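# Structural description and commentary
In case you want the letters, here they are:
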Amino acid sequence: INDTIRIGFLSRIDPGKGWEVFLQSLFLLKQKKLPFQAIIGGGGSEFDTMINKIEKLNLSDNIIIKGVIPHDDVPSFFNNLDLFIFSSIRESESLGLVALEALACGVPIIAKRNGAIDEFVKNNHNGFIFENSVAHEITDKIIKYSNLDKTARLQMKKMAFESVRKYDAKMIAKNLCNTLKNL
């Protein structure tokens, strides 16, 4: 499959949030001539630094900068993606709500093993996990996804959506009611 992969990153553009390793992985993708379009959402203390890095790496033609995404617009941000990259390197990243939001929109994610990621990302099922914050690991996972056929990609999207149903407010309420009835 030689179609353009749409890759997203949505985060505060702050230290430790993984934007630098994300850009490095895109630089490697470009060197490998894999067609991609990246969409970056977010703002923060390192936003201008990020813009400069994008230009320095000659990635401007491959990246759309959306800036801060209002919460109501987050689903439409995700619905334009094939893959979401969650590359935060902060040890204090307890949950990764943005990763759950991506999965809820049926977008497979590539995430660093960190915090609760293992609770909801199942490697090769609804996304991919990488161990170290090095660009080539992310690049390798993007290439692995790009090599999947259309059926496998659709299956991964379906599994992404299904994997977070248990976090839906209605499901939680139903399970809580059942638990209380059984007390």
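Heads up: the structure comes first, above all this text.
A brief structural summary. (Residues numbered from 1 in each chain as written. Predicted model: local features only at pLDDT ≥ 70, side-chain atom pairs only at ≥ 80, totals over all residues. Heavy atoms only, no water.)

### A word on unusual backbone geometry
The phi dihedral of Asn 58 is positive, around 60°, even though this residue is not glycine. Inspection of the secondary structure assignment puts Asn 58 in the loop between helix H2 (47-56) and strand E3 (63-67). A positive phi angle, near 70°, is found at Asn 124, a position not held by glycine. Since its relative accessible area comes to 38%, Asn 124 is described here as partly exposed. (Helix = DSSP H or I, 4+ residues; strand = E, 2+ residues; numbered from the N terminus. Buried < 20%, exposed > 50% of the residue type's maximum accessible area, 1.4 Å probe, protein only.)

### Examining the nonpolar core
Within the largest apolar cluster, 29 residues are counted, with the highest numbers of intra-cluster contacts made by Ile 7, Phe 22, Leu 23, Leu 26, Ile 40 and Ile 142. Top contributing element to this core by residue count: helix H1 (residues 19-31), with six residues. Ignoring sequence-local partners within four residues, the contact set of Ile 142 consists of Ile 7, Leu 29, Leu 34, Leu 83, Ile 85 and Ile 110. One finds Ile 69, Phe 86, Val 121 and Ala 160 within the second-largest nonpolar core, a separate group that totals 24 residues. (Core = buried A, V, L, I, M, F, W, Y, C linked by side-chain atoms within 4.5 Å. Contact = heavy atoms within 4.5 Å.)

### A look at helix H7 (residues 150-163)
Helical geometry note: an α-helix holds 3.6 residues per turn, so side chains three or four residues apart project in the same direction. For H7, which comprises 14 residues, the first-to-last C-alpha distance of 20 Å matches the rise-based estimate of 20 Å (1.5 Å per residue) to within 8%. Considered for burial, the residues of H7 that qualify are Arg 153, Met 156 and Ala 160. Buried residues along H7 cover an arc of 60° about the axis, so they all sit on one side. Opposite the packed face of H7, turned more than 90 degrees from it, sit the exposed residues Lys 150, Thr 151, Leu 154 and Lys 158. Buried positions along H7 lie against strand E1 (5-10), helix H4 (97-104), strand E6 (127-130) and helix H6 (135-146). (Expected span 1.5 Å × (residues − 1). Arc of directions from axis to C-beta.)

Take it as geometry only, folks, not as evidence of what the structure does.
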